[in-house]
Amino acid sequence: MTRGGVFDGARGSAEPPRLGRGGITALLRRMHDIVASEATPQERLDQLTAGIATHVGADVCSIYLRQPDDSLELYSTEGLKPEAVHETVMARGEGLVGRVCETGAPLMTADAPLHPAFSYRPETGEDPLHSFLGVPLLRSGKALGVLVLQNRRSRQYEDDEIEAAQAVATLLAEIAASGELLDESATREVGEMLRLPERRRGVGVVEGVAIGRVWFVEPPAPKHNVFSRDAAAEVGRLEAAIAALRSSLDAMLASARLEGEPREVLETYRLLAGDAGWAARLREAAESSGLTAESAVERVASQNRARLSQARDPYLRERLHDLDDLSFRLLRHLSAEEAHDDRLPDEAVLFARSLGPAALLEYDRDKLRGLVLAEGATTSHVAIVARALGVPLVAGAAAAIDAAEEHDEVAIDGEEGVVFLRPTPDIVTSFEHKLELRSERQAAYAREKDLPTRTLDGVDVEVRINAGLTLDMEHLERTGAAGVGLFRTELQFLIGSQLPRVSAQQRLYEAVLARARGKPVVFRTADLGADKSADYMNRDPEGNPAMGWRGLRMAVDRPGILRPQLRALLRAAAGQDLYVLFPMVTTPAEMVLARSLLDKEIAIQEQRGGAPPQSVKVGAMVETPAAAWTVGAIAPYADFFSIGGNDLAQFYFAADRNAALTQQRYDPLDIGFLSFIRLVAEKVGEAKKPLSYCGEQAADPVFGAALLAAGVRSFSLPPTAVGAFRRLVRSVQVSDLAQWYEETAAGASPERDEARARLALLLRSKGAMLDDGAG
């Protein structure tokens, strides 16, 4: 037990020394010596608390350890009554100590007895204490206990003191888990606690569920010197490693195992590796700064990270992951190490901070079940590839990665964004049931793919898919979709170091049209601008990029980007029907300018004797209220219209679509927004032009039904949503939906979810087939 009585050291009588960063090294050395000493576990623990208290000038230093029942037991103290050790036990969440353990975050107060969470324990003799600093002992994302520092004098702890206390607590947690500090029984209890089931949330990116074993992706960071003695030799090593990296990517692309994979993603990924500017920056770092080849790679990667991490556009921020992956690969080549997946176990769920698309494609698809990332978003390259491969993906799950151990059993839900580590038997059974139901539903959708998409009262509805890769085109046959209602072409523009050549664009568009097998494909021209810009696009930052210089307004101002793309599209569609969709149209004047650029390219192709498309249809994307109100004026210059639901909703509600707080506040299934959609549908109908709705929102079956009620008859959906949506259409009557719309519009309720709840109730009462397969 601790030596001496309560406050014998009288450390609180004067200004206590600061627990700053300066003395942390000496304290950690002292802790190392104590742990290595010949003593019993309790004696070492008591020496640690005494040493910490003395070093930081605390009147009290105490260590509480979490028990299997989630209570917190006082295991050692310097300053409290020795007899309280192993006798004082705090219930889960009790007192300031319980609060720290429950939240997993530090807690500081200048006067603990006045804190609302304070719990008085007379057996400890803590009556004269005021200031309190509690820091959790965190390991694998789990609080194993709490380190507490207390002083009699009321004071505030500074930020650097809190950070230093966290460093000490982290080391204590590692020592506790290793068995070096506690007796055998306590060590076993800590180990059992670390193996308890965990439920961690992230962001669902690629839908689907998976059960498997955790397998960590840990790109190597070989040890190396920082500065070189021979700059020329280091440059030579760099050039050899870059050449080897490019060769390995070439070999990957040529590999038979990549047939049917998203080849165009790897093509653009290889383009990054072949970027002359990237190689030049690496050489410069080695030549002018005297860095080793490895340090040069790390320096350039750090510069890219600093630049891209500030981008407001999630798509651009995700490009950072591709560059990081290339840097790791280059470091492997410099250290003569190659990536192997020999250790990949059966039914593996990959866990990684971030992952590039090429890395994902290296793994055996027969063994791969799912993917969990600390970072990443729906627009990341790895998300695009995972979606194409049908691999469930949960991103934003740093807490799950911290809490996981290699080979842990894990269950993930890529739609809900939930990760279950070491799941209980009932969770496993639930996920197995989900997998079985999902397989049955997909098989049922496949059997229904040739059925007409027609409502019970005879209204035909057209369903197409959204795409952005040639691999997505195989979903046309699989789902029975009528075509591609939106092919996003931005990828080639955003990943490279320069504008993609006309020939490269033409090859992509030819491949897409070939895989469409005569079904229509609507190519949206690159929606660039604002913060959705590549490095080679020099531009000034904007305060509100979503409403800034982007879409068609940028394209007509910079025809050097739009015209080559139109040229590639015209060449690729020779002898076929070509559908071109211009993004974010705001005024009729923009459409006039865009069509004039297209007409010039058509004239040039004819002059050069090139085979023209069989027909060229031009569409306008309605994503702004301005375009919605002026559909009639735009109609003479458009052959068809497409509503961009995601952007139109954000501008209608004045709510940033990427802001979590505003996303939670507004539901597009709002009668005001639906009436706005209906207005657009009526105006387009008066102009006798086709109209479709493109947006991830329509994958929600209740909202899809609401769009039918508002007059929409053509949809472009994610491929995974097509089967369920077509089944929904075949199970409803438009007349019922129209009646719901009229009644809801006539008696609009101020309640946010009222319209959705009433429609969902109607659908179920009429036997509509929702995505859960229930009638």
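Residues numbered from 1 in each chain as written. Predicted model: local features only at pLDDT ≥ 70, side-chain atom pairs only at ≥ 80, totals over all residues. Heavy atoms only, no water.

Novice: Even after reading the chapter, I still don't get the overall build of the protein, so can you show me in this structure?
Specialist: On a plain count of helices and strands, the protein comes out with 29 helices and 22 strands. Counting only contacts in the protein whose residues sit at least 6 apart along the sequence, the fraction spanning at least 24 positions is 68%. Accessible surface computed for the protein: about 33000 Å², of which carbon and sulfur atoms make up 50%. (Helix = DSSP H or I, 4+ residues; strand = E, 2+ residues; numbered from the N terminus. Contact = heavy atoms within 4.5 Å. Areas by Shrake-Rupley, 256 points an atom, 1.4 Å probe, with all protein chains shown as cover.)

Novice: Help me out: how do you make sense of the environment of A635 in this one?
Specialist: Mapped onto the secondary structure, A635 falls in the loop between α22 (631-634) and β20 (640-644). Placed 49 residues apart in sequence, A635 and V684 show a C-alpha to C-alpha distance of 7.6 Å. Dropping the residues within four chain positions of it, A635 is found in contact with F641, A687 and K689.

Novice: Teacher, can you tell me more about helix α25 (residues 671-686) here?
Specialist: Each α-helix turn comprises 3.6 residues. Residues three or four places apart therefore point the same way. An ideal rise of 1.5 Å per residue puts 22 Å on 16 residues; α25 measures up with 22 Å between its terminal C-alpha atoms. Capping of α25 at its N-terminal end is provided by D670; its side-chain oxygen lies 2.8 Å from the backbone amide nitrogen of G672. Downstream of α25 by one or two residues, K688 has phi in the positive range, about 55°. (Expected span 1.5 Å × (residues − 1). Polar contact = N/O pair within 3.5 Å; in protein donor to acceptor, adjacent residues only side chain to side chain.)

Novice: Is there a simple way to explain the pairing of strand β6 (residues 142-151) in this structure?
Specialist: The side chains of a regular strand alternate, first on one face of the sheet and then on the other. Counting buried residues in β6 gives ten out of ten residues, a clear majority hidden from the surface. Note that strand β1 (residues 60-66) and β6 share six bridges and pair antiparallel. Bridging from a neighbouring strand, V60 pairs with Q150 of β6. Here strand β5 (residues 131-139) pairs with β6 via nine bridges, running antiparallel. If you follow L133 over to β6, its bridge partner there is L149. (Buried < 20%, exposed > 50% of the residue type's maximum accessible area, 1.4 Å probe, protein only. Pairing = 2+ DSSP bridges.)

Novice: Teacher, can you tell me more about the packing of aromatic side chains here?
Specialist: Per the stated rule, a full pass over the model turns up 13 aromatic pairs. Following the ring pairs from residue to residue traces out a cluster consisting of W629, Y652, F653, F673 and F676. The ring of F431 is capped by K434, whose NZ or CZ atom sits 4.8 Å from the centre of that ring. (Phe/Tyr/Trp six-rings, centres within 6.5 Å; stacked < 30°, edge-to-face > 60°. Lys NZ or Arg CZ within 6 Å of the ring centre and 35° of its normal.)

Novice: Would you mind showing me how to read the pairing of strand β21 (residues 691-694) here?
Specialist: Side-chain alternation along β21 places L691 and Y693 on one buried face and S692 and C694 on a second face that is also buried. For β20 and β21, the ladder comprises four bridges, and the chain directions are parallel. Counterpart to G644 in the pairing with β21 is C694. Relative to strand β22 (residues 714-717), β21 runs parallel, the two being bridged by two bridges. Residue C694 lies in a different strand from β22, and its bridge partner there is S716. The handedness of the β21 to β22 crossover, carried by helix α26 (residues 701-709), is right-handed. (Right-handed = clockwise from strand over helix to strand, strands pointing away.)

Novice: Just to check I follow, could you spell out the side chain of D70 for this structure?
Specialist: Locating D70 in the fold gives a position in the loop between β1 and β2 (72-78). A distance of 2.8 Å separates the side chain of D70 from the side chain of R66, its partner in a polar contact. Side-chain polar atoms of D70 contact the side chain of R92, separated by 3.4 Å.

Novice: In this structure, what is going on with unusual backbone geometry? I would like to understand it.
Specialist: Most peptide bonds adopt trans geometry, and most residues besides glycine take a negative phi value. A positive phi angle, close to 75°, is found at D70, a residue other than glycine. One non-glycine residue with positive phi stands out, namely K688, at about 55°. Residue position: K688 is located in the loop between α25 and β21. With a relative accessible area of 72%, K688 lands in the exposed category.

Novice: Explain the pattern of salt bridges here, please?
Specialist: Any two side chains of opposite charge can pair, so long as their charged atoms come close to each other. One pass over the full model with this rule turns up 27 salt bridges. Between R66 and D70 there is a salt bridge whose closest N-O contact spans 2.8 Å. Pair check on accessibility: R66 and D70 agree, each one buried. Here R237 ties to E234 by a salt bridge, and the two come within 2.8 Å at their closest N and O atoms. Linking R237 with E234, this pair stays in helix α6 (residues 231-254), spanning three residues, or about one helical turn. The exposure class of R237 is partly exposed, given its relative accessible area of 29%. When salt bridges that share partners are traced, they join R66, D70, R92 and E102 into one network. (Salt bridge = Lys/Arg side-chain N within 4 Å of Asp/Glu carboxyl O.)

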